[in-house]
Amino acid sequence: MLELREITKRFAGVPANDRVNLTVAPGTIHALVGENGAGKSTAMRIAYGFYGADSGEILVEGRVHRFTSPHDAIRLGIGMVHQHFMLVEPMTVAENIVLGLEPGSPFALDLKSAEARIRALSDELGLAIDPTRRIEDLSVGQQQRVELLKALYREARLLILDEPTAVLSPQATAELFTILRRMRAQGKTIVIVTHKLSEVLDISDEVTVMRDGRVVGHRRTAETNAAELAHLMVGRDVLLRVVKPAAQPKAPVLGVRGLAVTFKGGEKRLDGVSFEVRAGEIVGIAGIEGNGQTELVEALAGLTEGGAVSGTIELDGRSVAGLSVRQRRALGISHVPEDRHRRGLLLDFDLQENAILGADDRPPVAVGPGRFWLRRDEIRRKTEKILAAFDVRPPDPERPARALSGGNQQKLILGRELDLQPKLLLVAQPTRGVDIGGIEFIHRRLVELRDAGCALLLVSSELEEVTALADRLLVMRRGRIVAEVDPETTSMEEIGLLMTGGSAAA
Amino acid sequence: MSRPRLQLAGFALALVLGLATTGCRDLSQATGDPGKLRVGIVFDSGGKDDRSFNAAAFRGVQQAAKDFPIVLRDAEPGDPASLEPAMRAFAEVGYDLVIGIGFAQTPIVEAVAKDYPKVNFAIVDGVSSLPNVASLIFKEHEGSYLVGMIAAHTSKTGKIGFVGGMDVPLIHKFQVGYEEGARAVNPEIQVIQNYVGVTEAAWNNPGKGKELAVAQIGKGADVLFAAAGNSGLGVFDAVEQLDKLVIGVDSNQNWVKPGHVLTSMVKRVDNAVYQIIGDLVNRRFQGGIHVYGLPDGGIGYAMDQYNEKLISPLVIQDVEAAKAKIIRGEITVTDAMAQ
Amino acid sequence: MSFLRQLLFPLAAVAAAFAVGALVVLAVGDSPLNTYALLIGSALSWPDGIGYTLFYATPLIFTGLAVAVAFRCGLLNIGAEGQLYIAAFATAWVGIVLAGWPAWLLVPLCILTALLTGGFWAAVPGVLKARFGAHEVITTIMMNFIAVALASYFTQYHYKPPGDPILQTVPIGENAHVARIGALVPGIPERIPLNLAFPLALAACLLVYLFLWRTRWGYQIRATGANPAAALYGGIATGKQIVLAMSLSGALAGLVAVNEVLGYRYRYYDSFSAGYGFTGIAVALLGRNHPVGVILASLLFGALLRGGLFVDIFTEHVSKDLVMVLQGVIILFVAAEALFRGRGEKRVKSV
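Fair warning: this is a prediction, and the values are worked out from it, not measured in the lab.

(A) Seen up close, the overall build of chain B. Helix and strand counts for chain B stand at 10 helices and 12 strands. With 339 residues in all, chain B has 57% of them scored as buried. Of the contacts made within chain B by residues no fewer than 6 positions apart, 68% connect residues no fewer than 24 positions apart. Each charge sign in chain B was given a centre, from 31 positive and 37 negative side chains, and these centres are 5 Å apart.

Structure (structure tokens):
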């Protein structure tokens, strides 16, 4: 169906794809896996006509084609669902789907016929999408199905899905996979780009592994396993499971009671949240993104913007609710934010200036009256210590943070926050966009931190991650804690049901 | 830095240095043939196309450049802060005569003339006591008196207007002379007067000039005297639209809106600058005060084919009689600046 | 090495501007070679050319620094023009009112006035931004109008010498004068208005550099500018940094008064600024918001101002708008480079 031959693509001289060969058989589900920056998305964007390749050929159904834009790909029956949906929120499903090829005359839009066709397509696959509803009223999973419909409406026979499960709950993921299997049964071909090995093994017929812009392996899914794929992706053996001794919780460090965050118009994004975190334990928060986890962490860190925080937050029995970010940091609260680009780093600054973010007022870095002067030698010493301790590569203190890979950026942040020897670490999405090797490292450090007696509050949308790391697991839904479960004994399915409120729909 | 880049940078540096050295050596050459007498003129912020005061000066120096073997360069600084650098530029490269147009340049000419005692300067409308500065001044009040008489003779409403540029003593001189001339004809006449502004920008705001003119016409004025440089052109626009009459200033502006320009109070700045350049060429240049008035034709009112039908011979007779009396000293017009 | 690389693009922009300028000169019918020889020759002639180039560069260093400091905090200070006007008037006022005070007291007092007035004038938009989120571009522009009008008003109705046709205040006391370089260095004529404000400007560059890159306050300002969300996360009170950066920016713009009032005209002169505050934006852009870059860009723009005057007067057809063309092309190129870099990053990120 689709074949890439010797595709090479450079950005500013750096090869993102280096002689990539990929063959997708018709009527199969083909997984393309690799670490971040391995070149998966680039290869797929070339196949979709979004980028032009510097060299190499694209074959569709055995014939060489030159793509100058996605239009060429669409004409040949290739559709793509991007990780970030390209939908106009205030418009209806049908309006979004016909956008760009509006039926009827230029003056009279014939939506009726389009709606009928969309309904038919939807029923065929059991998508249960009403074409007259507005996008903003749909759940994330439903929006993704609209994207699928958009491609099918354009008569796509090959569908490329870029990280489709990143935004989905386990239930929604399962549903998506059911739909994809149905589509395969109808004769469609599907390429799914992902870095989650469990999904690859679950859904795909064949799998191609990329590393550093090259294809490093191609397997029939039935003939491989997670360990082999991980080895191909990283280039060495990787420990996939978190190994941790049983927790030894001590005195409570963080006490939260009746915590609520109210926004304009009385909208409560956090409501009546109470829990405690003890020294030497990891408390995990599971939940579908957007159910109050972000608000919870920001309220604890003192970063709530535009909302009113009420309730009790105590650190070692002392209320910190009214304190500034800086004061909380001084008391021993460290924070690994969920969005490291937006919040955790000064991307254009070098690693040294990133290493003192949040600690610029502490000696020996800051000296003199009012700790006015910064000592460059001390900053450098501190930075080099962090880079060495957390294996940040390359360990060049003068590089801008932007130049680091996601995993190394995250290790820098973790190193910086742990260097402050916190009593409490708020850590959100610690391994988002981090490659497998980095995940292993970060998980190990978090467990070590726990065993050293720190209290950790861990928020992650990766259910596997929270269940593996947490000693106790709180499930959040719609701004409330709806359950506390033991991650050892509770199944993913049960937790998933708690996250979605028992209904199957996401 | 790679080698080709280094070469490029070296080349650029060499080019700049080369240009700089040629520039340095030839700065005097590049600023006009030093073998000839070199004359520079600095207009005021109105610019040489104001069809009035600056334009008159420009005509004079152009004529001089045609008649004498001189190099002529002009500067139109546009904003008052740039007047001094322009004047200094002429002096710095050794020009023989630098002419400043407008009273605003008086302190500048004085400062520059002190720094360059070997360069000759002339200032129009200003007075300096430095030996290397010729002060070219005019008896505008006497000319204004005559056009005031014509205005009073012509007005049907018994109301006439005066639109001044910047509110300064020099322009009060025009206004007072104009009023006295009008009263001499019609003691009951009402003179409505306005000024465009209090800054240099007042010379360059035709919109405001027009606004004031329309307002004065609204109050009944049917003859307006515009002593406002570029802003006066707004007054011309207004009288054309509302079918009234305007009196031009400095240059003969009768042709600007034919049929609507009653006359112009001409101030022969052109003659004055032409003469001072002629003095320089004939090695007769002298500092000090040079006054231009009615007897020498430095001041007057303009009669030509554009306005001959607008003014009756009787009026001209009366005005000419007054002019003779002023020259003989039988009529004394108040000089508002002398007070 | 990396410093040279930083210079490369601005230099290329300048070269490109001169190439475009040459075409313009050809089009109006003059010789580009002669025109540029006149431009560069007059800007670098000794002593007047160099003296004036440095004199014109001085206010641009101050305003360029002012814009750069604000920009480092993520703020676009369009109001340097108003800040320098109000500071110049206030400085002149102190120099007039306290004319009898001894020089060792009066000069520092006048400089302090320039700093504080300019700083205050810029702090207002800073507070409005930090408190209410009012966009500083709008508020600083508005403050420009207020500053110019206020200074003109007080000059016209309270401090103008009676009967003076020029809109300026009475002179400041001689004790408030800042010495001209010509009075201190033999061989330089005193007619050149280059004065001690120039070394002050260089000192300001050094201090700003130390402040921004060697102190905690500077770090916090830059962090706020680079990523306000991350700055908040790091415990930096971003609102405070905005007010601080704006005040500092305004104070630097206010120092133009030292050059213009205390060192050149010895009075407040209405509309004395040839758009220094706005040219400062171009200076900061070309100088990459770095003190050293600001000095280099100011020298270039100062030389263009000086040379532009000569080109304007002494060529047949070329007007000083040539300088505007040169400045415009330089800025266009520098802005285009920023655009290129932005695109490049975006693409690499989406790999």
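That was the structure; now back to the text.
(B) Structural context of the overall build of chain C. Check the secondary structure of chain C and you find 15 helices and zero strands. The C-alpha atoms of chain C give a radius of gyration of 21 Å, which matches the 20 Å a tight globule of 351 residues would have. Along the first, second and third principal axes, the C-alpha set of chain C runs to 70 × 55 × 35 Å. Taking all 351 residues of chain C together, 58% fall into the buried category. Restricting to contacts in chain C with at least 6 residues of sequence separation, those with at least 24 account for 74%.

(C) The side chain of Thr189(A), seen in detail. Residues and elements named next belong to chain A. Considering the arrangement of structural elements, one finds threonine 189 in strand 8 (residues 189-194). Note on threonine 189: relative accessible area 1%, which makes it buried. At a separation of 3.0 Å, a polar atom in the side chain of threonine 189 contacts the main-chain amide nitrogen of glycine 27. In this structure, threonine 189 is in contact with Met1, Val24, Ala25, Pro26, Gly27, Thr28, Arg157, Leu158 and Leu159, ignoring residues within four places of it in sequence.

(D) Inspection of the interface of chain C and chain B at higher detail. Across the boundary between the two partners, chain C contributes 36 residues, which contact 38 residues of chain B. A combined buried area of about 3100 Å² lies between chain C and chain B, and 66% of that area is made up of carbon and sulfur atoms. The interface formed by chain C and chain B holds two salt bridges in total. Residue Glu92(B) is joined to Arg306(C) by a salt bridge in which the shortest nitrogen-to-oxygen separation is 2.5 Å. The interface formed by chain C and chain B contains four residue pairs in polar contact (both at pLDDT 80 or more). Mapped by element, the contributors of at least two residues to the side of chain C that touches chain B are helix 1 (2-28), helix 2 (32-44), helix 3 (48-72), helix 12 (256-265) and helix 14 (291-314) of chain C.

(E) Focus on the interface of chain C and chain A. Listed per partner, the contact involves 24 residues of chain C and 37 residues of chain A. With both chains or domains summed, chain C and chain A bury close to 2800 Å², and 58% of this area falls on carbon and sulfur atoms. Counting the contacts that link chain C with chain A gives two salt bridges. As a salt-bridge pair, Arg216(C) and Asp360(A) come within 3.5 Å of each other at their nearest N and O atoms. Summed over the shared surface of chain C and chain A, the result is 17 residue pairs in polar contact (both at pLDDT 80 or more).

(F) Up close: the domain arrangement of chain B. Residues and elements named next belong to chain B. You can read the domains of chain B as domain 1 (9-138 + 269-292) and domain 2 (140-250 + 299-329). Using C-alpha coordinates to define each centre, domain 1 is positioned 31 Å away from domain 2. Summed over both sides, the interface between domain 1 and domain 2 buries roughly 1200 Å², with carbon and sulfur atoms accounting for 55% of that surface. Ranking the residues of domain 1 by area buried against domain 2 places Ser52, Phe103 and Phe138 at the top, with a combined share of 39%. The interface formed by domain 1 and domain 2 holds zero salt bridges in total. Its residues placed into classes, the side of domain 1 that touches domain 2 shows six nonpolar, three polar and four charged.

(G) Local environment of the confidence of the model for chain C. Residues and elements named next belong to chain C. Scored by pLDDT, chain C has a mean of 91; 95% of the residues are at 70 or more. Here residues 342-351 is modelled with pLDDT under 50, and outside its nearest four sequence neighbours on either side it reaches 11 contacts, counting other chains as well. The ipTM assigned to the predicted complex is 0.88, against a pTM of 0.82.

(H) Examining helix 3 of chain C more closely. Residues and elements named next belong to chain C. Taking 1.5 Å of rise per residue, the 25 residues of helix 3 would be expected to cover 36 Å, and the 35 Å separating its terminal C-alpha atoms lies within 8% of that figure. Judged by how many residues are buried, helix 3 sits mostly within the fold: 22 of 25 residues are covered. Immediately downstream of helix 3, the backbone of glycine 74 shows phi near 80°, a positive value.

(I) Representation of the packing of helix 5 (residues 140-153) of chain A against helix 6 (residues 170-185) of chain A in the model. Residue and element names in this part refer to chain A. Running from amino to carboxyl end, helix 5 crosses helix 6 at an angle of 15°, the nearest separation of the two axes being 12 Å. Comparing their axes, helix 6 and helix 5 come out roughly parallel. Helix 5 and helix 6 meet at a crossing whose hand is right-handed. The residues of helix 6 that touch helix 5, namely those facing Gln144, Arg145, Leu148 and Leu152, are Glu175, Leu176, Ile179 and Met183. Across the contact of helix 5 with helix 6, the residue classes tally to five nonpolar, one polar and two charged.

(J) Main features of the pairing of strand 8 of chain A. Residues and elements named next belong to chain A. In terms of residue burial, strand 8 counts as a mostly covered element, since six of its six residues are buried. Side chains of strand 8 alternate between two faces, with Thr189, Val191 and Val193 and Ile190, Ile192 and Thr194 buried alike. Bridge count for strand 3 (residues 29-34) against strand 8 is five bridges, and the pairing is parallel. In the strand pairing of strand 8, isoleucine 29 is matched with isoleucine 190. Here strand 7 (residues 158-162) pairs with strand 8 via five bridges, running parallel. Residue pairing in the sheet places leucine 159 in a bridge with isoleucine 190 of strand 8. Considered for its hand, the β-α-β crossover made up of strand 7, helix 6 and strand 8 is right-handed.

(K) Representation of a nonpolar patch on the surface. All names here are of chain C. Together, Ile146, Leu150, Tyr153, Phe154 and Tyr157 line one region of the surface with nonpolar side chains, adding up to about 470 Å² of accessible area. Relative to the helices and strands, tyrosine 153 resides in helix 6 (residues 136-159). On the basis of relative accessibility, which here comes to 41%, the residue tyrosine 153 falls in the partly exposed class.

(L) Inspection of the sheet that holds strand 11 (residues 252-263) of chain A at higher detail. Residue and element names in this part refer to chain A. Pairing in this open sheet of four strands is antiparallel, and the strands run 12-11-14-15 from one edge to the other. Lying at the two open borders of the sheet, with one neighbouring strand each, are strand 12 (267-278) and strand 15 (318-319). Here two bridges tie strand 14 (residues 307-315) to strand 15, and the two strands are oriented antiparallel to one another. Its bridge partner being in strand 15, glutamate 314 is matched across the sheet by serine 319.

(M) Geometry of the nonpolar core. Ranked by size, the top nonpolar core spans 202 residues in total, and within it Ile99(B), Phe121(B) and Ile277(B) carry the most contacts. Setting aside its immediate chain neighbours within four residues, Ile277(B) contacts Val39(B), Val61(B), Ala64(B), Phe68(B), Ile70(B), Leu97(B) and Ile99(B). Formed by 85 residues, the second largest nonpolar core is a distinct cluster that contains Ile333(A), Leu426(A), Phe441(A) and Val485(A).

(N) A look at the side chain of Gln168(C). Following the sequence through the fold, Gln168(C) ends up in the loop between helix 6 and helix 7 (181-184). With near-sequence residues (within four places) excluded, Gln168(C) lies in contact with Thr155(C), Tyr159(C), Lys160(C), Pro161(C), Arg267(C), Tyr268(C) and Tyr269(C).

Definitions and limits used
Residues numbered from 1 in each chain as written. Chains lettered and ligands numbered in written order. Predicted model: local features only at pLDDT ≥ 70, side-chain atom pairs only at ≥ 80, totals over all residues. Heavy atoms only, no water. Helix = DSSP H or I, 4+ residues; strand = E, 2+ residues; numbered from the N terminus. Buried < 20%, exposed > 50% of the residue type's maximum accessible area, 1.4 Å probe, protein only. Contact = heavy atoms within 4.5 Å. Lys, Arg positive; Asp, Glu negative; His and termini not counted. Charge placed at Lys NZ, Arg CZ, Asp CG, Glu CD. Rg over C-alpha atoms; globule rule 2.2 N^0.38 Å. Polar contact = N/O pair within 3.5 Å; in protein donor to acceptor, adjacent residues only side chain to side chain. Buried area = accessible area lost by both parts, 1.4 Å probe. Salt bridge = Lys/Arg side-chain N within 4 Å of Asp/Glu carboxyl O. Domains from an automatic or database assignment. Nonpolar A, V, L, I, M, F, W, Y, C, P; charged D, E, K, R; others polar. pLDDT = per-residue confidence, 0-100. Expected span 1.5 Å × (residues − 1). Axes fitted to C-alpha atoms, helices over the stretch in contact; angles between N-to-C directions. Parallel < 35°, antiparallel > 145°, perpendicular 65-115°, else oblique. Left-handed = near helix turned anticlockwise from the far one by under 90°. Pairing = 2+ DSSP bridges. Right-handed = clockwise from strand over helix to strand, strands pointing away. Patch = residues over 30% accessible without salt bridge, like charges linked within 9 Å, V, L, I, M, F, W, Y side chains within 5 Å. Areas by Shrake-Rupley, 256 points an atom, 1.4 Å probe, with all protein chains shown as cover. Core = buried A, V, L, I, M, F, W, Y, C linked by side-chain atoms within 4.5 Å.

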